[in-house]
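Descriptive structure summary
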Amino acid sequence: FMRGLFNPVKGPAQTPGPARSKAPLRAPASVPRPAGPRPAGLPRIDTLEVLAGRLGIPPKDLTWLLKKRAKHYHTHEIPKADGRVRKIESPKSRLKKAQRWILREILDRVPAAPAAHGFVKGRSPATNAAAHVSKAVVTKLDLRDFFWQITLRRARVIFESLGYPREVAKALARLACRDGRLP
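Report on the accompanying structure. What you see as residue numbers is a count from 1 along each chain, following the sequence as written. Only residues with pLDDT of at least 70 are given local features in this predicted model, and only at 80 or more are side-chain atom pairs given and counted; all residues enter the totals for whole chains, interfaces and linings. Values reported for side chains reflect all heavy atoms of the structure, with hydrogen atoms and water molecules removed beforehand.

Structural notes on the pairing of strand β1 (residues 73–79)
Bridge count between β1 and strand β2 (residues 85–91): seven bridges; the pairing is antiparallel. Residue histidine 74 lies in a different strand from β2, and its bridge partner there is serine 90. Between the end of β1 and the start of β2, which pair antiparallel, lie five residues, with glycine 83 showing a positive phi angle near 100°. Two strands are said to pair when DSSP picks up at least two bridges between them. Each helix is a run of H or I in the DSSP string that is no shorter than four residues. Each strand is a run of E no shorter than two, and both are numbered from the N terminus.

Let's talk about the environment of phenylalanine 159
Counting through the fold element by element, phenylalanine 159 comes out in helix α5 (residues 152–161). Any residue under 20% of the maximum accessible area for its type is buried, any over 50% is exposed, and the rest in between are partly exposed; the area is computed with a 1.4 Å probe on protein chains only. Given a relative accessible area of 0%, phenylalanine 159 falls into the buried group. Taking the C-alpha atoms as reference, phenylalanine 159 lies 9.6 Å from alanine 171; in sequence the two are twelve residues apart.

Digging into the packing of helix α1 (residues 48–55) against helix α6 (residues 166–176)
It is the contact of α1 with α6, at a shortest axis distance of 9 Å, that shows an interaxial angle of 40°. Considering their axes alone, α1 and α6 lie oblique with respect to each other. The residues of α6 that touch α1, namely those facing Leu48, Leu51 and Leu55, are Glu167, Val168, Ala171, Leu172 and Leu175. Polar here means any residue outside two lists: the nonpolar Ala, Val, Leu, Ile, Met, Phe, Trp, Tyr, Cys and Pro, and the charged Asp, Glu, Lys and Arg; Gly therefore counts as polar. Residue composition of the contact of α1 with α6, by class: seven nonpolar, no polar and one charged. Every axis corresponds to a line fitted to the C-alpha atoms, with the helix fit spanning only the stretch in contact, and the corresponding angles, defined between N-to-C directions, vary from 0 to 180 degrees. Oblique is the label for any angle not under 35 degrees, not over 145, and not in the 65 to 115 range, which are roughly parallel, roughly antiparallel and roughly perpendicular in turn. Contacts were defined at the residue level, with two residues in contact if any of their heavy atoms lie within 4.5 Å.

Considering the pattern of salt bridges
We count a salt bridge whenever a side-chain nitrogen from Lys or Arg sits within 4 Å of a carboxyl oxygen from Asp or Glu. Per the counting criterion, the structure on display carries twelve salt bridges. Between arginine 178 and glutamate 89 there is a salt bridge; the shortest N-O distance is 3.2 Å. Taken together, the residues span a long stretch of sequence, with arginine 178 in the segment after α6 and glutamate 89 in strand β2 at a distance of 89 residues. Take arginine 178: its relative accessible area is 14%, and that puts it in the buried class. A salt bridge links aspartate 108 to lysine 121; the nearest nitrogen and oxygen atoms lie 3.2 Å apart. In this pair, aspartate 108 is assigned in the loop between α3 (93–105) and α4 (125–130) and lysine 121 in the loop between α3 and α4, connecting sequence segments 13 residues apart. In this structure aspartate 108 comes out as partly exposed when scored by relative accessible area, which is 26%. Judged by relative accessible area, lysine 121 falls into the exposed class, the value being 69%. A single network of salt bridges, built from pairs that share partners, joins Lys87, Glu89, Arg178 and Asp179.

What follows is the structure, given as structure tokens:
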């Protein structure tokens, strides 16, 4: 659903000197962050009212979806091959409809990186493997809890980078996340 959001970020350069706080540097809250330029083809959404209209729901229903997020998921567990269990968090129908709109009308219109093959239309494990045929060494990795590591803040910043105002970007991210992370 949120393909393309994972963007490895290098940690701060280590320099000799006094110990530094490990807290990330952030702009003061009073400094507004400008929205980035909106790529061609993305819908213009300047307010929460416009977002509600695009989603086809009344503004009060959007508020309800944003404030009562935990109530909008079914949760169950399925067994894994190694005997452990995997927690599955599935959105209920109204939230799922909103998430599918975000996918179809926004995220699917943003080009994926050439190296991305997962969750990209027209690409698959087979297209990924094709680039590695006849190579002397191939390494396979599975990123543990990949989606869960994408935070609400990171999702919001992605939507801001697509040109959406902070209030709208925050709402889009909240629709995509549960408990501050992608489920």
